[in-house]
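Fold and geometry: a report
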2 protein chains.
Amino acid sequence: MNVSTNMAAEDATLTIAAAIGEPARARMLFCLADGRARTATELVLVAEVSPSTASAHLSRLKANDLVRVVIQGKHRYYRLESPDVASVLEGLSVLAGRGRATVASGAPDHLRAARSCYDHIAGTLGVSVHDRLTAMDWIAPSSRANDGVYDVTAKGAKALNALGIDIDALRTARRRFAFGCLDWTERRAHVGGALGAALLTLALERKWVSREHGSRALQVTASGRRAFAAHFGVHLGVRL
Amino acid sequence: MNVSTNMAAEDATLTIAAAIGEPARARMLFCLADGRARTATELVLVAEVSPSTASAHLSRLKANDLVRVVIQGKHRYYRLESPDVASVLEGLSVLAGRGRATVASGAPDHLRAARSCYDHIAGTLGVSVHDRLTAMDWIAPSSRANDGVYDVTAKGAKALNALGIDIDALRTARRRFAFGCLDWTERRAHVGGALGAALLTLALERKWVSREHGSRALQVTASGRRAFAAHFGVHLGVRL
DNA sequence: ACAACACTTCGTTGGAGATCGAAGTATGAA
DNA sequence: TTCATACTTCGATCTCCAACGAAGTGTTGT
């Protein structure tokens, strides 16, 4: 039983890796890595293959639980199945980058500083926000330790509500409320789940950050710089 | 420049994924995931291919910096290039396991509890040891924050030396002294690097844990249970 | 009802790469 | 020296799967 389950697990793992390791599929996945959903036609364009070929690729990605699809009228919206997929993608790219580009010192600065991971904020900005939220006791590891899930404290709920985040609404969402999402480049956690998504949405709405076209990079605006300092005590130095 | 580097990075990442996503190569990598080195012939056996085929696979893995080889006489010892490779392997297997086996609730218990990751202790045991070492102020994040690297405190050096770990020797080793190695199953860090390896070696020597044949699982012995409690304050309950 | 669009399914083709055996190099052992 | 072992390189198959176009299903708009 031990060996056979091991075999099966290795098999499934290998299949996942193979699914990622094909140019057209990889392009699609990287395109979805910012957490936004795209139609099949949009993915046809980034994959640079015919619609029929793209369709085959997408159904394979779906079969392997790497993407999830929601049908809306005559459009099919594809998105990553979970933030974990984005994390693994990032892990692989760290491995890929280490060989020759150690000189370049990790990711490009604008990507290190702030970027989206799935639908929340990652990079040094994301990690800093996570750390401040923890330090200020706005969020705390949930009762069941070791599973990386967070709860919002009473103090945190008050403060976040004041910022315009409806904590109660978030709690009733079907997805995990908040969890520590591992960031490969930083080797630290940032806030994922419904709360993480709400924070990114807030930051985009208030124009604290803006998405860079066709990239996961986030630009922190001048007002955003002030806002992160005022609300969270996160000071984005010019360093790095 | 932005787009082109993005493309190149995606290309490299995709190549890594493809390298893992081939049955024979995946079997080799999983075999090496416990951090021990094996000869090419041993890997021929686990890959279940001819020597010539295995040779081609190994040179590809080497070209992609997934494994490193050290030639010793007429033997070639292959080992994973870094703990990061093992981590990515684990990340992929978490993705693979999530689809159908959510019912089985993550990894098998004996793997969750204690296992080797590369050459250090992972699983709940590894995470607990990491947390206790931090809580007792034996290790602390190094001056350059956010890079996941740890230093040993004076207090920690004394205590670890008393346990038979030669801290000074570890410091002169070419590899990183200690860092937080991300554990996908636990979503928490355990101690990696030279210190992590030394801890596993110590635990094996003193028979606190024993390796399970052909698996990364570690069996905690009765005396190990007592030792982890006495030396580190890690109490391995019967729970889970 | 009909046309335009968004995708998928099917059947065929083509090419990359996994495989092997045979032959070659290097090390160690008798 | 000679044989055996450990591993690689080379050249030739062969298998798998990505690719496409053509035809199908389903949805929206007019």
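Residues numbered from 1 in each chain as written. Chains lettered and ligands numbered in written order. Predicted model: local features only at pLDDT ≥ 70, side-chain atom pairs only at ≥ 80, totals over all residues. Heavy atoms only, no water.

As for the overall build of chain A
To keep things clear, this is the line we draw: Think of it this way: any DSSP run of H or I at least four residues long counts as a helix, any run of E at least two long counts as a strand, and we number them from the N terminus. Relative accessible area decides the class of each residue, using a 1.4 Å probe on protein chains only: under 20% of the type maximum gives buried, over 50% gives exposed, and in between gives partly exposed. Throughout, a residue-residue contact means that at least one pair of heavy atoms, one from each residue, lies within 4.5 Å. Each accessible area value is a Shrake-Rupley result obtained with a 1.4 Å probe; residue values ignore everything except the protein chains displayed when judging cover.
What chain A contains, in helices and strands, is 11 helices and 11 strands. Here chain A holds 240 residues, and the buried ones make up 49% of them. Residue pairs in contact within chain A that sit at least 24 positions apart in sequence constitute 55% of those at least 6 positions apart. Accessible surface, chain A: about 11200 Å² in total, of which carbon and sulfur atoms supply 55%.

Quick notes on the relation of the copies chain A and chain B
Formally: When the copies are overlaid, the least-squares fit takes in C-alpha atoms only where the residue has pLDDT of at least 70 in both copies.
Note on the copies: chain A fits chain B at an RMSD of 0.1 Å, the axial shift is 0.0 Å, and the rotation between them is 180 degrees. Each copy turns onto its partner about a two-fold axis. Taken together, the interface assignments show that 96% of the residues at the interface of chain A recur at the interface of chain B, consistent with an identical surface on both copies.

Points about the pairing of strand β9 (residues 188–192) of chain A
The following threshold applies: Two strands qualify as a pair provided that DSSP identifies no fewer than 2 bridges between them.
Burial runs high along β9(A): 4 of the 5 residues are buried. Hairpin geometry of strand β8 (residues 179–183) of chain A and β9(A) is characterised by an intervening segment of 4 residues between the two adjacent antiparallel strands and by a positive phi of about 60 degrees at A:Arg187.

Considerations on the protein's contact with DNA strand D
Let me state the cut-off plainly: Whether a residue is near a molecule or strand depends on its heavy atoms: it is near if one of them lies within 4 Å of it. As used in this structure description, the phrase polar contact means that two N or O atoms lie within 3.5 Å; if the pair is within protein, one of them must be able to donate a hydrogen and the other to accept it, and residues adjacent in sequence are counted only when both atoms belong to side chains. Residue classes follow a fixed rule: Ala, Val, Leu, Ile, Met, Phe, Trp, Tyr, Cys and Pro count as nonpolar, while Asp, Glu, Lys and Arg count as charged, and any other residue, Gly among them, counts as polar.
Around DNA strand D lies a shell of 20 residues, among which A:Ser50, A:His57, B:Thr41, B:Ser55 and B:Arg76 are the nearest. By atom count, sugar and phosphate contribute 77% of the portion of DNA strand D lying within 4 Å of the protein. B:Arg76 has a polar backbone atom sitting 2.9 Å from a phosphate oxygen of DNA strand D. Among the elements of the structure, α2 (23–32) and α4 (51–63) of chain A together with α3 (40–47), α4 (51–63) and β3 (75–80) of chain B are those that each provide at least two residues to the surface near DNA strand D. Across the surface near DNA strand D, the residue classes tally to 5 nonpolar, 10 polar and 5 charged.

Considering the protein's contact with DNA strand C
Close to DNA strand C lie 19 residues; A:Thr41, A:Ser55, A:Lys74, B:Ser50 and B:His57 are nearest. Taking A:Arg76, its main chain carries an N or O atom lying 2.8 Å from a phosphate oxygen of DNA strand C. One nitrogen or oxygen atom from the side chain of B:Arg25 is found 3.2 Å from a phosphate oxygen belonging to DNA strand C. Counting residues per element, the ones that place at least two in the surface near DNA strand C are α3 (40–47), α4 and β3 (75–80) of chain A together with α4 of chain B.

Brief notes about the pattern of salt bridges
Rules: Definition used for salt bridges: Asp or Glu carboxyl oxygen within 4 Å of a side-chain nitrogen of Lys or Arg.
On inspection of all chains with the given rule, the structure shows 16 salt bridges over all chains. Linking A:Arg175 and A:Asp119 is a salt bridge whose minimum nitrogen-to-oxygen distance equals 2.8 Å. Remark: A:Asp119 occurs in the loop between β4 (115–117) and β5 (120–122) and A:Arg175 occurs in the loop between α9 (167–172) and β8; sequence separation between them is 56 residues. By relative accessible area, A:Asp119 is classed as buried at 16%. Close ionic contact of B:Asp183 with B:Arg115 constitutes a salt bridge, the shortest N to O distance being 2.9 Å. With a gap of 68 residues between them, B:Asp183 in strand β8 (residues 179–183) and B:Arg115 in strand β4 (residues 115–117) connect regions that are remote in the sequence.

Points about the nonpolar core
General note: in soluble globular proteins, nonpolar side chains tend to be found buried as a group. Put simply, the rule reads: For our purposes a nonpolar core is just a set of buried Ala, Val, Leu, Ile, Met, Phe, Trp, Tyr and Cys residues, chained together by side-chain atoms within 4.5 Å.
The biggest cluster of nonpolar side chains holds 72 residues, and the ones touching the most others in it are A:Ile20, A:Leu66, B:Ile20 and B:Leu66. In this view, B:Ile20 contacts A:Ala17, A:Leu92, B:Ala26, B:Leu29, B:Leu66, B:Leu89 and B:Leu92; residues no more than four positions away in its chain are not counted.

Looking at the interface of chain A and chain B
Stated formally: Here the quantity called buried area is the accessible surface, traced with a 1.4 Å probe, that two parts lose on coming together, added over both.
On the chain B side, the residues contacting the 49 residues of chain A number 48 residues. When chain A packs against chain B, close to 4200 Å² is buried across both sides, 63% of that on carbon and sulfur atoms. Counting across the chain A and chain B interface gives 0 salt bridges. There are 0 residue pairs in polar contact (both at pLDDT 80 or more) connecting chain A and chain B. Considering each element in turn, the side of chain A that touches chain B owes the most residues, 12 residues, to helix α5 (residues 83–101) of chain A. Here the residues of the side of chain A that touches chain B sort into 21 nonpolar, 14 polar and 14 charged.

Thoughts on the packing of helix α2 (residues 23–32) of chain B against α3(B)
Residues and elements named next belong to chain B. Where we set the bar: Geometry is summarised by axes, namely lines fitted to C-alpha atoms with helices restricted to the contacting stretch, and by angles between N-to-C directions that run from 0 to 180 degrees. By the definition adopted for this analysis, an angle is roughly parallel if under 35 degrees, roughly antiparallel if over 145, roughly perpendicular if from 65 to 115, and oblique otherwise. Here a crossing is taken to be left-handed if its near helix is turned anticlockwise relative to the far helix by less than a right angle, and right-handed if that turn runs clockwise.
Orientation of α2 relative to α3, taken along the N-to-C sense of each, is 120 degrees, at an axis distance of 8 Å. Classified by the angle between their axes, α2 and α3 sit oblique to one another. Both α2 and α3 take part in a crossing whose hand is right-handed. Residues Ala24, Arg27, Met28, Cys31 and Leu32 of α2 lie in contact with α3, whose contacting residues are Leu43, Val46 and Ala47.

Notes on helix α7 (residues 123–135) of chain B
Threshold: What a helix is expected to span follows from its residue count: subtract one and scale by 1.5 Å.
Look at α7(B): 18 Å from first C-alpha to last across 13 residues, which is about the 18 Å you get at 1.5 Å a residue. Listing the buried residues of α7(B) in full gives B:Gly123, B:Leu125, B:Gly126, B:Val127, B:Val129, B:His130 and B:Leu133.

What to know about the side chain of B:Arg38
Residue and element names in this part refer to chain B. Note on placement: arginine 38 falls in strand β1 (residues 38–39). A residue is classified by how much of its surface remains accessible, and arginine 38, at 16% relative accessible area, is buried. Of the polar contacts made by the side chain of arginine 38, one reaches the backbone oxygen of cysteine 31; its length is 3.0 Å. Leave out the neighbours within four places in its chain, and arginine 38 touches Cys31, Leu32, Leu43, Arg76, Tyr77 and Tyr78.

Geometric values such as these leave the question of function open.
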